[in-house]
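# Coordinate analysis (summary)
Read off the chains here:
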Amino acid sequence: MIKFSVVIPTYHRNDLLAKCLDRLDPNVQTLATDQYEVIVSDDGHEFTAEDMIRQNYPWVKWVAGLRKGPAANRNNGAKYAQGEWLAFTDDDCIPDAQWLAAYAESIKGTALALEGAIHPLGDLEQDFAECPVNLTGGCFWSANIAVARLLFDKVGGFDPNYPLAAHEDQDLKLRLEPITNVLFVSDAIVFHPIRFISFNNFLKQQPKRCYAFAYHARKNQNILGYKNALQLLISQYKFHLISLKQNVLTKNRCYKSILSIYMLLIGIPLILLFFIISHQTSKR
């Protein structure tokens, strides 16, 4: 039986996806070819990766996504999986040649959920740069995780109500932790190129990001310790004030300082508004 089903959600990033798939080639990964499969779930509407995959990566299974966001796209890919384990990475990640072999070695233990290391590619000290980094564990970011398929199905997979790639992996972690330990596998490495986010794109995405966090806080408020809206408000202001102080005192952080100010003035009130609205809606 296939050990791992690698699930990659994609959306209009064929150039990056190709680099990811190059590293998952059976001639590159050290895990035996018959031990894994690769599934790309494609949410593209202007163009898709189907032709590219059929021509250049015939060993990859391409499936059309549901166009309902990253969480639903990952679930969609998982539906087609035949492996005992689901390994998730993103289309802009570059898996190490030992990635799957390291996970395979780790599943001999009792943990039914694993997270691997995420190493940045590029200079994160640049002002406009951002990149998830996970070198010591405890993050469980969807760019590099693996979950036993039966457990993934049992907890219902990713929650598709998250509108974008923000907090949906943390929500899954909270639902897995009462059932299994989450093991950090430092040798299961993916590399993540840094990306540069323009201020205009930040402004466009911020309302959805605020909604995603508010939804996450409302759904998991008992676990996260948010007994009411006031506690959420205080927690967020403390966090972003500390962030602002760190950014102001750090060289080349002008852009990130502006983002912290934006959150303090606009973002947190939006989060509070969405949190209150969702609370009132849930009581009906």
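Residues numbered from 1 in each chain as written. Predicted model: local features only at pLDDT ≥ 70, side-chain atom pairs only at ≥ 80, totals over all residues. Heavy atoms only, no water.

## A word on the overall build of the protein chain
We apply this condition: To qualify as a helix, a DSSP run of H or I must reach at least 4 residues; to qualify as a strand, a run of E must reach at least 2; elements of each kind are numbered from the N terminus. What the globule rule says is 2.2 Å times the number of residues to the power 0.38, and the radius of gyration is computed from C-alpha atoms. Buried, partly exposed and exposed residues are distinguished by accessible area as a fraction of the type maximum, computed with a 1.4 Å probe on protein chains only: under 20%, between the cut-offs, and over 50%, respectively. Any two residues having at least one pair of non-hydrogen atoms within 4.5 Å are treated as being in contact. Reported accessibility uses the Shrake-Rupley method at a 1.4 Å probe radius. Residues are deemed covered only where the shown protein chains occlude them. His residues and chain termini do not enter the charge count, which takes Lys and Arg as positive and Asp and Glu as negative. Note on charges: their place is set at NZ of Lys, CZ of Arg, CG of Asp or CD of Glu.
In terms of helices and strands, the protein chain carries ten helices and ten strands. For 284 residues, the compact-globule estimate of 2.2 N^0.38 gives 19 Å, and the protein chain sits close to it at 19 Å. Burial statistics for the protein chain: of 284 residues in total, 50% are counted as buried. Residue pairs in contact within the protein chain that sit at least 24 positions apart in sequence constitute 76% of those at least 6 positions apart. Surface exposure of the protein chain reaches about 14000 Å², of which carbon and sulfur atoms provide 56%. Within the protein chain, the 28 negative side-chain charges are centred at a point lying 10 Å from the centre of the 29 positive side-chain charges.

## So, the pattern of salt bridges
To be explicit about the condition: A side-chain nitrogen of Lys or Arg and a carboxyl oxygen of Asp or Glu constitute a salt bridge if their distance falls within 4 Å.
Following the criterion strictly, the structure yields 14 salt bridges and no others. Across the pair Asp91 and Arg13 runs a salt bridge whose closest N-O atoms are separated by 2.6 Å. Note that Asp91 is positioned in the loop between strand S4 (85–89) and strand S5 (94–95) and Arg13 in the loop between strand S1 (4–10) and helix H1 (14–23), a separation of 78 residues in sequence. You can call Asp91 buried: its relative accessible area is 2%. Notably, a salt bridge pairs Asp171 with Lys219, separated by 3.1 Å at the nearest N-O pair. Residue Asp171 is located in helix H6 (residues 168–176), and its partner Lys219 is located in helix H7 (residues 199–219); the two are separated by 48 residues in the primary sequence. A relative accessible area of 0% means that Asp171 is categorised as buried. Taken together, the salt bridges that share partners define one network made up of Arg13, Asp91, Asp92, Glu130 and Arg195.

## Looking at the side chain of Glu50
By the secondary structure assignment, Glu50 is in helix H2 (residues 50–56). Residue classification places Glu50 among the buried positions, given a relative accessible area of 18%.

## With respect to the state of the cysteines
Heads up, the rule is: We call a pair of cysteine sulfur atoms a disulfide when they lie within 2.5 Å.
Under the counting rule described, the total for this entry stands at zero disulfides. Distance from the sulfur of Cys93, which forms no disulfide, to the nearest cysteine sulfur (Cys20) is 6.7 Å. On the basis of relative accessible area, Cys93 is assigned to the buried category, the value being 0%.

## Considering the environment of Gln35
For Gln35, the position within the fold is in the loop between H1 and strand S2 (36–42). Of the residues examined, Gln35 reaches a relative accessible area of 25% and is grouped as partly exposed. For the pair Gln35 and Ile2, spaced 33 residues apart in sequence, the C-alpha to C-alpha distance is 4.8 Å. Filtering out sequence-adjacent residues up to four positions away, Gln35 remains in contact with Met1, Ile2, Lys3 and Phe4.

## Here's the deal with unusual backbone geometry
Within the chain, Phe140 stands out as a residue other than glycine whose phi angle is a positive 55°. By secondary structure assignment, the location of Phe140 is in the loop between strand S7 (129–130) and strand S8 (144–148). The residue His167 is not glycine, and still its phi comes out positive at about 80°. Of note, His167 is situated in the loop between helix H5 (149–155) and H6. For His167, a relative accessible area of 27% translates into the label partly exposed.

## Looking at the packing of aromatic side chains
Our working definition: Paired rings are identified among Phe, Tyr and Trp, the last through its six-membered ring, by centres lying within 6.5 Å, and are further divided according to the angle between planes into stacked (under 30 degrees), edge-to-face (over 60) and tilted (the rest). Working rule: Lys NZ or Arg CZ, within 6 Å of ring centre, within 35 degrees of ring normal, means a charge sits over the ring.
Inspection of the entire model under this criterion finds ten aromatic pairs. Ring centres 6.4 Å apart and planes at 20° place the aromatic pair Tyr211 and Tyr215 in the stacked group. Placement of both Tyr211 and Tyr215 in helix H7 is noted, with a separation of four residues, approximately one turn of the helix. Over the ring of Phe158 we find Arg74; its NZ or CZ atom is 5.1 Å from the centre of that ring.

## Some thoughts on helix H3 (residues 70–79)
The buried fraction of H3 is high, at eight of ten residues. For H3, the full list of buried residues reads Ala71, Ala72, Asn73, Arg74, Asn75, Asn76, Gly77 and Ala78. As for H3, its buried residues are in contact with S1, S2, strand S3 (60–64), S4, H5 and H6.

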